[in-house]
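Survey of secondary and tertiary structure
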Amino acid sequence: MFIRDLIQEKPVLFSCELFPPKAGTDLARADQVVEETAALRPDFISVTYGAGGNNSHNTLRMAKHIEEQGCTALAHLTCVGANSETIRERLDEMRANGVTNILALRGDLPAGMEKPADACFQHAEDLVRVIKSHGDFCVGGACYPECHPESADQEEDLLYLKRKAEAGCDFFTTQMFFDNNVLYRFLYKLYARHIDVPVFAGIMPVTNKKQIKRIVGLSGTSLPPRFQSILDKFGDDSASMEEAGIAYATEQIIDLIANGVRGVHLYSMNRPDIAARIMGNLSHILGKDK
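The structure reproduced in this document is the subject of the present report. Since the model is a prediction, treat every value here as computed from it, not as a measurement.

Quick notes on helix α6 (residues 154-167)
Between its terminal C-alpha atoms α6 stretches 20 Å, which fits the 20 Å expected from 14 residues at 1.5 Å a residue. Taken together, the buried positions of α6 are Gln154, Asp157, Leu158, Leu161, Lys164, Ala165 and Ala167. In this fold, the buried residues of α6 make contact with α5 (124-134), β5 (138-143), β6 (171-174) and α7 (180-192). Between the side-chain oxygen of the N-cap and the backbone nitrogen of Glu155 there are 3.2 Å, and the N-cap of α6 in question is Asp153. Looking one or two places after α6, you find Gly168, whose phi comes out positive at around 125°.

Considerations on the environment of Glu35
On the secondary structure map, Glu35 appears in helix α2 (residues 27-38). Overall, Glu35 belongs to the partly exposed group, its relative accessible area being 37%. Through-space distance from the C-alpha of Glu35 to that of His148 is 33 Å; in sequence the pair is 113 residues apart. In this structure, Glu35 is in contact with His65 and Gln69, ignoring residues within four places of it in sequence.

What to know about empty space enclosed by the protein
In total, this model carries one cavity of 30 Å³ or more according to the counting rule given. Roughly 40 Å³ of volume is contained in the largest cavity. Lining the largest cavity, in full, are Tyr144, Pro145, Glu146, Cys147, Gln175, Met176, Ser219, Gly220 and Thr221. Partitioning the lining of the largest cavity into residue classes produces four nonpolar, four polar and one charged.

A look at helix α8 (residues 209-219)
Along α8, the residues that are buried comprise Gln211, Ile212, Ile215 and Ser219. Along the axis of α8, the buried positions cluster into a sector of 90°, meaning they face one direction only. Facing away from the buried surface of α8 by more than 90 degrees, the exposed residues are Lys210, Lys213, Arg214 and Gly217. N-capping of α8 is provided by Asn208, with a side-chain oxygen placed 3.3 Å from the backbone N of Lys210. Downstream of α8 by a residue or two, Gly220 has a phi angle that is positive, lying close to 75°.

With respect to the sheet that holds strand β1 (residues 13-18)
Spatially, β1-β2-β3-β4-β5-β6-β7-β8 is the arrangement adopted by the eight strands of the closed barrel, whose pairing is parallel. Across the sheet, the mean angle from the axis of one strand to that of its neighbour is 30°, orientation sign disregarded. Where strand β7 (residues 199-203) lies against strand β8 (residues 263-267), three bridges are found, and the strand directions are parallel. Each bridged residue has a counterpart across the sheet, and for Ala201 the counterpart in β8 is Val264. Contacts between helix α4 (residues 84-96) and the sheet are confined to β3 (72-78) and β4 (101-105), with β3 contributing the most and set at about 170° to the helix. Along the sheet, α5 contacts β3, β4 and β5; its crossing angle with β4, the most-contacted strand, is approximately 150°.

Let's talk about the nonpolar core
Within the largest apolar cluster, 64 residues are counted, with the highest numbers of intra-cluster contacts made by Leu77, Ile87, Ile131 and Phe172. The element contributing the most residues to this core is helix α10 (residues 238-258), with five residues. If sequence neighbours within four positions are ignored, Ile87 has contacts with Leu77, Thr78, Cys79, Ala82, Phe121, Leu127 and Val130.

Remarks on the packing of aromatic side chains
Scanning the entire structure with this criterion turns up five aromatic pairs. Taking 6.4 Å as the distance between ring centres and 50° as the angle between the ring planes, the aromatic pair formed by Phe44 and Phe171 counts as tilted. Taken as a pair, Phe44 in strand β2 (residues 44-47) and Phe171 in strand β6 lie far apart in primary sequence, 127 residues in all. Here Phe178 and Phe227 contribute two aromatic rings whose centre-to-centre distance is 4.8 Å and whose plane-to-plane angle is 25°, an arrangement assigned as stacked. Here Phe178, found in the loop between β6 and α7, pairs with Phe227, found in helix α9 (residues 225-234); they are 49 residues apart in sequence, far enough to count as distant. The exposure class assigned to Phe227 is buried, which follows from its relative accessible area of 1%. Clustering of aromatic rings is evident, with ring pairs tying together Phe44, Phe171 and Phe200.

Structural notes on unusual backbone geometry
At Cys147, a residue that is not glycine, the phi angle is positive and equals roughly 85°. Mapped onto the elements of the fold, Cys147 is located in the loop between β5 and α6. For Cys147, a relative accessible area of 15% gives the class buried. With a phi close to 60°, Asn270 is a non-glycine residue in the positive phi region. When you line up the elements, Asn270 lands in the loop between β8 and α11 (272-281).

Thoughts on the pattern of salt bridges
Taken as a whole and judged by the stated rule, the model has 15 salt bridges. Bridged by salt links that share partners, the residues Arg4, Lys132, Asp136 and Asp170 form one connected network.

Conventions adopted
Residues numbered from 1 in each chain as written. Predicted model: local features only at pLDDT ≥ 70, side-chain atom pairs only at ≥ 80, totals over all residues. Heavy atoms only, no water. Helix = DSSP H or I, 4+ residues; strand = E, 2+ residues; numbered from the N terminus. Expected span 1.5 Å × (residues − 1). Buried < 20%, exposed > 50% of the residue type's maximum accessible area, 1.4 Å probe, protein only. Contact = heavy atoms within 4.5 Å. Polar contact = N/O pair within 3.5 Å; in protein donor to acceptor, adjacent residues only side chain to side chain. 1 Å grid on protein atoms, 1.4 Å probe; cavity = no way out; pocket = protein on both sides within 12 Å on 5 of 7 lines; lining within 4 Å. Points joined across faces, edges and corners; volume = space filled by probe spheres on them. Nonpolar A, V, L, I, M, F, W, Y, C, P; charged D, E, K, R; others polar. Arc of directions from axis to C-beta. Pairing = 2+ DSSP bridges. Axes fitted to C-alpha atoms, helices over the stretch in contact; angles between N-to-C directions. Core = buried A, V, L, I, M, F, W, Y, C linked by side-chain atoms within 4.5 Å. Phe/Tyr/Trp six-rings, centres within 6.5 Å; stacked < 30°, edge-to-face > 60°. Salt bridge = Lys/Arg side-chain N within 4 Å of Asp/Glu carboxyl O.

In structure tokens form, the structure reads like this:
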């Protein structure tokens, strides 16, 4: 089912994100993660893409398995270093495997790899246009409430976002954030610029200290004092940090939905057990208690 149709049909959507196994690793475990996550009945499950497309086969394999479980799949697709022919081949392969929802991303080249001379995609908006012209796909894009790390400022970042919307994005999913006020300010800026594409709020339940240090280093996501206090108090106790991270994410989601946010995307990090605990806390709110 197209995610754009789900947005029209449901008052609140809840989705989870998984990442594919690296080449040569246990595919059976990946299948189990898909099956356990799909059993939670999220509205859709997204699957990330390896840097430079190195893991594209396993992305499609997982997305196909999600669809086989009766759940809608959202396959990530990056365009950095790719040419039009390669992208069209991947789109044909996705359609042949029943995957019709795509998250269009520029992506990053692997360390040490140079951009091929025939690469023809500068930005994600270029990929969105190709996907939209290639057939009936539902296309999502990424957005950064605190500004993309490579943008000069948020004004420039919002300009690129508006161009992605005009290229045909059906929805956006945000980078993770830990202060809901950051998202509310961002949504107001979208409204002021007439960017009316639905936005899924990206939430990550932080369950260990090393995890969050790496995330902040890569994305530039800020940590509010309240969250920093949780890290300081429980970061060295894995069981306590997991409980606190689940509680914090749950509170974020409750506040978001109470303030009219209609889509929540959980960065579940291949932990269906964590997703299950959060969704269990929200079963009535998400309408999953039926």
